[in-house]
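Listed here are the chains, written in short residue letters.
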Amino acid sequence: IVVNVDGDDALLTNEALKIIKKHFDEGADVSVGNCFNVLKPTRIYDHVDFIKPWLRAGDNIWLHPKCFLLKLAKQIKQSDLMNNQHHYYEYDTDFAIMYAILRNASHPVFIKDLIYLYDRAIYSGKTIQLINKIRNELAIKARQDYLTKE
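Residues numbered from 1 in each chain as written. Predicted model: local features only at pLDDT ≥ 70, side-chain atom pairs only at ≥ 80, totals over all residues. Heavy atoms only, no water.

Each helix and strand in the protein chain was counted, giving 5 helices and 7 strands. If you list the helices and strands of the protein chain from N to C, you get β-β-α-β-β-β-α-α-β-β-α-α. Expressed as a percentage of its 150 residues, the buried residues of the protein chain come to 35%. Contacts spanning at least 24 positions in sequence make up 76% of the contacts within the protein chain whose residues lie at least 6 apart. Split by element, the accessible area of the protein chain, about 9,800 Å² in all, is 54% carbon and sulfur. (Helix = DSSP H or I, 4+ residues; strand = E, 2+ residues; numbered from the N terminus. Buried < 20%, exposed > 50% of the residue type's maximum accessible area, 1.4 Å probe, protein only. Contact = heavy atoms within 4.5 Å. Areas by Shrake-Rupley, 256 points an atom, 1.4 Å probe, with all protein chains shown as cover.)

Encoded structure:
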């Protein structure tokens, strides 16, 4: 399983890799999402469908972390990464990669759990504090003793 984590981002929880692996153990060959976006903290990401996502402005197939079986990555053609003038795309390469991977995928899934911190403002100095805050909130919400009433 290839797990794509951008250098300026981070996995949000200690359970992130276990959650990803669980989906692949259940038959997924591609997974996307779900992330907390520092610049859009109230945004809740969702996903409609993996079939022809280009008809719906990409349908969030770029959501981090993008994960896929290595065999799908090996099927990407050089032409998948090039424009009509035969130059490599300079931007939005994750769209090009994910379109090519989804073309050959048979069981893509959207992960609803927040497992990734998407932070274009990582150098703000507040990122580590924010990661710890979110981890604490998730841990508190996951406590079993809060989920049951006596």
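Time to look at the pattern of salt bridges. Proximity of charged atoms lets side chains of opposite charge pair with each other. The full count for this structure, using the stated rule, is 5 salt bridges. A salt bridge links E15 to K18; the nearest nitrogen and oxygen atoms lie 3.9 Å apart. Overall, the relative accessible area of 41% leaves E15 in the partly exposed class. The shortest N-O distance in the salt bridge between D94 and K66 comes to 3.6 Å. (Salt bridge = Lys/Arg side-chain N within 4 Å of Asp/Glu carboxyl O.)

Moving on, we come to the sheet that holds strand β1 (residues 2–4). Spatially, β1-β5-β3-β6 is the arrangement adopted by the 4 strands of the open sheet, whose pairing is mixed. Two strands close off the open sheet at either side, each with one partner strand: β1 and β6 (108–110). Ignoring strand direction, the axes of neighbouring strands in this sheet form an average angle of 15°. One ladder, built from 2 bridges, connects strand β3 (residues 30–32) with strand β5 (residues 66–68); its direction is antiparallel. Bridge pairing in β5 links V30 to F68. (Pairing = 2+ DSSP bridges. Axes fitted to C-alpha atoms, helices over the stretch in contact; angles between N-to-C directions.)

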